[in-house]
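Architecture at a glance
Chain residues, written in single-letter form:
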Amino acid sequence: MTTNENNFQAIISHAKEYGFVFQSSEIYDGLSAVYDYGPYGSELKKNIKDYWWRSMTQFHENIVGIDAAIFMHPTTWKASGHVDNFSDPMIDNKDSNKRYRVDHLIEGYAEELTAQGKEKESEELITEMDRLLAAEDFTALKKLLEQHKISCAVSGTCNWTDIRQFNLMFSTQVGSVTEESDTIYLRPETAQGIFVNFLNVQKTARMKIPFGIAQIGKAFRNEIVARQFIFRMREFEQMEMQFFIRPGTQAQWFEYWKKTRLDWHLSLGIPADKYRYHNHVKLAHYADAALDIEYEFPFGFKEVEGIHSRTDFDLKSHQAYSGKKMQYFDNEINQNYIPYVIETSIGLDRMFLLIMSHAYEEETITKEDGSTDSRSVLHFPALLAPVKLAVLPLTKKDGLPEIARDLMNDCKTAFRCFYEEKDAIGKRYRRQDAIGTPFCVTIDHQTKEDQTVTIRYRDSMKQERVPLDKVKQLVQQAVA
RNA sequence: GCGGCAAUAGUUCAGUUGGUAGAACAUUAGCUUCCCAAGCUAAGGGUCAAGGGUUCGAAUCCCUUUUGCCGCUCCA
């Protein structure tokens, strides 16, 4: 194993051991690719969310938030293209173990027929395939493959498995509705909740283009392969913003958000060389430009955020399916139009993993006497740290805990604090390092005389004396 | 989904030719009053991933399943 892989294993172990991330339903052997956030993990995750939300909404006057439901009308997913593009009939060749889309296989064979001058046969085959696909008659579809002796390009055999439908959307049942629409999907992306509410938000919040709608929420994808810890999960959380603009201005807004979003990442103190842009060559059905912001995870550069120029695809499609006009009247140019959209979409769980990966260090320390020592430390940016301040009386006696408790009570209204009086002071410092607490304050005998305490910094391990009544303010400034 | 490797305490691991489970660290309760862990005393914690099989006897051998990591594949 390489150092990076070792490091990744160590991060996963650390996340478990210190209450950041647990596997879902672990006592029942776990559920594949589903994870729970523990006491410190949930704090960290919430802090990431808050920072994103504040950056997007509070700091941008023209961006407002919503919180849409996970369940949506089934037609939503027809309009978005997910029903057509997110489920494909697949088949495996048992000899080569290669997987194919059935429609691609048959289309390929039809092209061969055409090339041989058998155009009529070719057309008949495609017509038959379309009919069977529409009827979802997979048994007959497989027979069609066998009849024409369509074989695998790798093994050359016709030894096929049964055809299976891979639908990446999870479905569930809702009672008390008509028979046809009682199957509903768990949303595979949060974006559609924003698009269907476009007019509601624009009118009630009196928004003028250009403006954005932000949302944080869960989405669900039935991934065939889900791996790499919390990087690819079946249930995950997205932080999305759809920015509505005048058609024709998408190129400049794409550039704007490309830069603005990378700046957000860099504002957390993560080095720029850990990031890179990745331009999409193959574009999704809705996009006219797309790029990923990639981060160098322990397992390589991977997407953490996507910036997509979605054109007017979604609003136009919802207009067509719903029959409701999705247009905006632009006073400046005295014109009605369906707005274009630039989307920024970041995986919250991936951002969590990014922060963990960046923060985790197995540090070797050389002590004053020359001997070496090591500590596990999470160098979280202070504003994301689960616990901001640990309050530690040097001893359990002599009235020190009372002073510590007073400080604790004063500070805990402003930020998350942790109180501990057990074990040697050095050991307590190390425990706080392991959960990424940026500041520790120690109350000692001198505190009783001159009202000063020792503040100890996580990253440098330096200490200095500060007035007791300045602690709250000092920490507050650092975590703002 | 295919292939490879793996699963023993919270974590990292040991466990002999098959003979009823161990270490270190961590945790908890005390002692120690100490400004950077690994001093002292004690305690808790494991159906050895699950199920089945072989055997007098299985953590150990065999099968199936589950879960994880890696490589392919996939990622609208």
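Procedures and definitions
The residue numbers shown here count from 1 along each chain, following its written sequence. Following the order in which they are written, the chains are lettered starting with A and the ligands numbered starting with 1. Where local features are concerned, this predicted model is filtered to residues with pLDDT of at least 70; where side-chain atom pairs are given and counted, the filter is 80 or more; whole-chain, interface and lining totals use all residues. Hydrogens and water are ignored here; the side-chain numbers use all heavy atoms of the structure. Here a strand is any run of E in DSSP of at least two residues, a helix any run of H or I of at least four, and the numbering for each starts at the N terminus. Relative accessibility decides the category of a residue: with a 1.4 Å probe and only protein chains considered, values under 20% of the type maximum give buried, values over 50% give exposed, and everything between is partly exposed. Contacts: residue pairs with any heavy atoms within 4.5 Å of one another. In this description, accessible areas are obtained by the Shrake-Rupley approach with a 1.4 Å probe, and a residue is regarded as covered only by the protein chains that are shown. Only heavy atoms are used to decide nearness, and a residue is near a molecule or strand if one of them lies within 4 Å of it. N or O atoms closer than or at 3.5 Å make up a polar contact, with two conditions inside protein: a donor-capable atom paired with an acceptor-capable one, and, for residues adjacent in sequence, both atoms drawn from side chains. The patches described consist of residues with a relative accessible area above 30% and no salt bridge, like charges being joined within 9 Å and nonpolar side chains (Val, Leu, Ile, Met, Phe, Trp, Tyr) within 5 Å. By definition here, a salt bridge exists when the distance from a side-chain nitrogen of Lys or Arg to a carboxyl oxygen of Asp or Glu is within 4 Å. Positive charges come from Lys and Arg alone, negative charges from Asp and Glu alone, with His and the N- and C-terminal ends not counted. Here the site of a charge means atom NZ of a Lys, CZ of an Arg, CG of an Asp or CD of a Glu. The criterion for strand pairing is that DSSP finds at least two bridges linking the strands in question. Between N-to-C directions, angles cover 0 to 180 degrees, with each direction set by a line fitted to C-alpha atoms, over the stretch in contact for helices. In plain words, nonpolar cores are sets of buried Ala, Val, Leu, Ile, Met, Phe, Trp, Tyr and Cys residues tied together by side-chain atoms within 4.5 Å. pLDDT expresses how confident the predictor is about each individual residue, on a scale running from 0 to 100. Segmentation into domains, and thus their bounds, comes from an automatic or database assignment. Crossings are sorted by hand: turned counterclockwise from the far helix by less than a right angle, the near helix makes the crossing left-handed, and turned clockwise it makes it right-handed. Ten residue types, Ala, Val, Leu, Ile, Met, Phe, Trp, Tyr, Cys and Pro, are classed as nonpolar, four, Asp, Glu, Lys and Arg, as charged, and the remainder, Gly among them, as polar. The labels follow the angle: roughly parallel below 35 degrees, roughly antiparallel above 145, roughly perpendicular from 65 to 115, and oblique for the rest.

Turning our eyes to something else, we now look at the overall build of chain A. Looking only at helices and strands, one finds 16 helices and 23 strands in chain A. Projecting the C-alpha coordinates of chain A onto the three principal axes gives extents of approximately 100 × 65 × 45 Å. Residue burial in chain A is summarised as follows: out of 480 residues, 49% are buried. Pairs at least 24 residues apart make up 64% of the contacts formed inside chain A by residues separated by at least 6 positions. Surface summary for chain A: the accessible area is close to 24000 Å², and the carbon and sulfur share equals 48%.

So, about the protein's contact with RNA strand B. As a structural note, the neighbourhood of RNA strand B is formed by 46 residues, with Arg221, Arg227, Thr395, Asp444 and Met461 the closest of them. A share of 56% is what sugar and phosphate atoms reach among the atoms of RNA strand B within 4 Å of the protein. Contact between RNA strand B and Arg430: a sugar or linking oxygen at 3.0 Å from a side-chain N or O atom of the residue. Arg431 is positioned such that a nitrogen or oxygen atom in its side chain is 2.5 Å from a phosphate oxygen of RNA strand B.

This part is about a negative patch on the surface. On the surface, a cluster of negative charge is contributed by Glu107, Glu111, Glu112 and Asp130. Here the negative patch gets three residues from one element, more than from any other, and that element is helix α5 (residues 102-115). Mapped onto the elements, Glu112 comes out in helix α5.

In this section: the sheet that holds strand β21 (residues 439-443). In a beta sheet, neighbouring strands are held together by backbone hydrogen bonds and run either parallel or antiparallel to one another. With respect to topology, five strands assemble into an open sheet ordered β20-β19-β21-β22-β23, the strand pairing being mixed. Only two strands of the sheet have a single partner each, and these edge strands are β20 (417-419) and β23 (463-467). In this sheet, adjacent strand axes meet at a mean angle of 25° when their direction is disregarded. As paired strands, strand β22 (residues 452-457) and β23 are joined by five bridges and run antiparallel to one another. Its bridge partner being in β23, Arg456 is matched across the sheet by Gln463. Where helix α14 (residues 425-435) meets the sheet, it contacts β19 (389-393), β20, β21, β22 and β23, and its direction lies at approximately 170° from that of β19.

Attention now moves to the nonpolar core. Phe20 and Ile355 are the most contacted members of the largest nonpolar core, which totals 56 residues. Among the elements that take part in this core, helix α12 (residues 348-359) stands out by supplying eight residues, more than any other. Excluding its chain neighbours within four sequence positions, the residues that come into contact with Ile355 are Leu44, Ile48, Leu268, Ile270, Phe380 and Leu384. Membership of the second largest hydrophobic core comes to 22 residues, among which are Leu389, Ala404, Phe439 and Val471.

Take the confidence of the model for chain A next. One rule of thumb: low pLDDT means the predicted coordinates there are not for detailed reading. A residue-level look at chain A finds 92% of positions with pLDDT of 70 or above and a mean pLDDT of 88. Of the two predicted TM-score estimates for the complex, the pTM is 0.88 and the ipTM is 0.91.

A few words on the domain arrangement of chain A. Split by domain assignment, chain A resolves into domain 1 (3-72 + 187-356), domain 2 (87-167) and domain 3 (387-479). Just the C-alpha atoms count here: the centres of domain 1 and domain 2 sit 37 Å apart.

Let's shift gears to the packing of helix α2 (residues 39-58) against helix α10 (residues 250-266). How two helices sit against one another is set out by the angle between their axes and by the gap between those axes. For the pair α2 and α10, the least separation of the axes is 12 Å and the interaxial angle reads 140°. As α2 packs across α10, the resulting crossing turns out to be right-handed. Contacts between α2 and α10 involve Tyr51, Trp52, Ser55 and Met56 on the former and, on the latter, Trp257, Arg261 and Trp264. When grouped by side-chain class, the residues that make up the contact of α2 with α10 number five nonpolar, one polar and one charged.

Looking now at the pairing of strand β9 (residues 211-220). By the criterion of burial, β9 is predominantly enclosed, with nine of the 10 residues buried. Where strand β3 (residues 63-65) lies against β9, three bridges are found, and the strand directions are parallel. Following the sheet pairing, Gly65 is matched in β9 by Ala214.

So, about the side chain of Arg458. Here Arg458 lies in the loop between β22 and β23. Relative accessible area serves as the criterion here: at 4%, Arg458 is assigned to the buried category. At 2.6 Å, the side chain of Arg458 and the backbone oxygen of Phe380 are in polar contact. Sequence-distant contacts of Arg458, defined by excluding residues within four places in its chain, comprise Arg375, Val377, Leu378, His379, Phe380, Asp433, Gly436, Thr437 and Pro438.

Spatially, the seven strands line up as an open sheet ordered β3-β9-β10-β16-β13-β12-β11, and their pairing is mixed. In the strand order of this sheet, the two ends are held by β3 and β11 (275-279), each with one partner. Strand-to-strand twist in this sheet, taken as the mean axis angle between neighbours without regard to direction, amounts to 25°. Two strands pair when backbone bridges link them, and β11 and strand β12 (residues 289-297) are joined in this way by five bridges, in the antiparallel orientation. For Tyr275, the partnering residue across the bridge sits in β12 and is Tyr295. Packing against the sheet, α12 makes contact with β10 (235-245), β11, β12, β13 (300-311) and β16 (340-347), and its axis sits at approximately 35° to β12.

So, on to the pattern of salt bridges. According to the stated counting rule, one finds 28 salt bridges in the structure shown. Close ionic contact of Arg246 with Asp330 constitutes a salt bridge, the shortest N to O distance being 2.9 Å. Of this pair, Arg246 sits in the loop between β10 and α10 while Asp330 sits in strand β14 (residues 328-330), and the two are 84 residues apart along the sequence. With its nearest N and O atoms 2.8 Å apart, the salt bridge here joins Arg375 to Asp433. In this pair, Arg375 sits in strand β18 (residues 372-378) while Asp433 sits in helix α14, placing the two residues 58 residues apart along the sequence. Asp433 matches Arg375 in its accessibility class, with the two residues each being buried.

Between α2 and α12, the shortest axis-to-axis distance is 10 Å and the interhelical angle comes to 110°. Regarding the angle of α2 to α12, the classification is roughly perpendicular. Relative to α12, the crossing made by α2 is right-handed. Every residue of α12 that contacts α2 at Gly41, Leu44, Lys45, Ile48 and Lys49 is listed here: Leu348, Asp349, Met351, Phe352, Ile355 and Met356. Residue composition of the contact of α2 with α12, by class: seven nonpolar, one polar and three charged.

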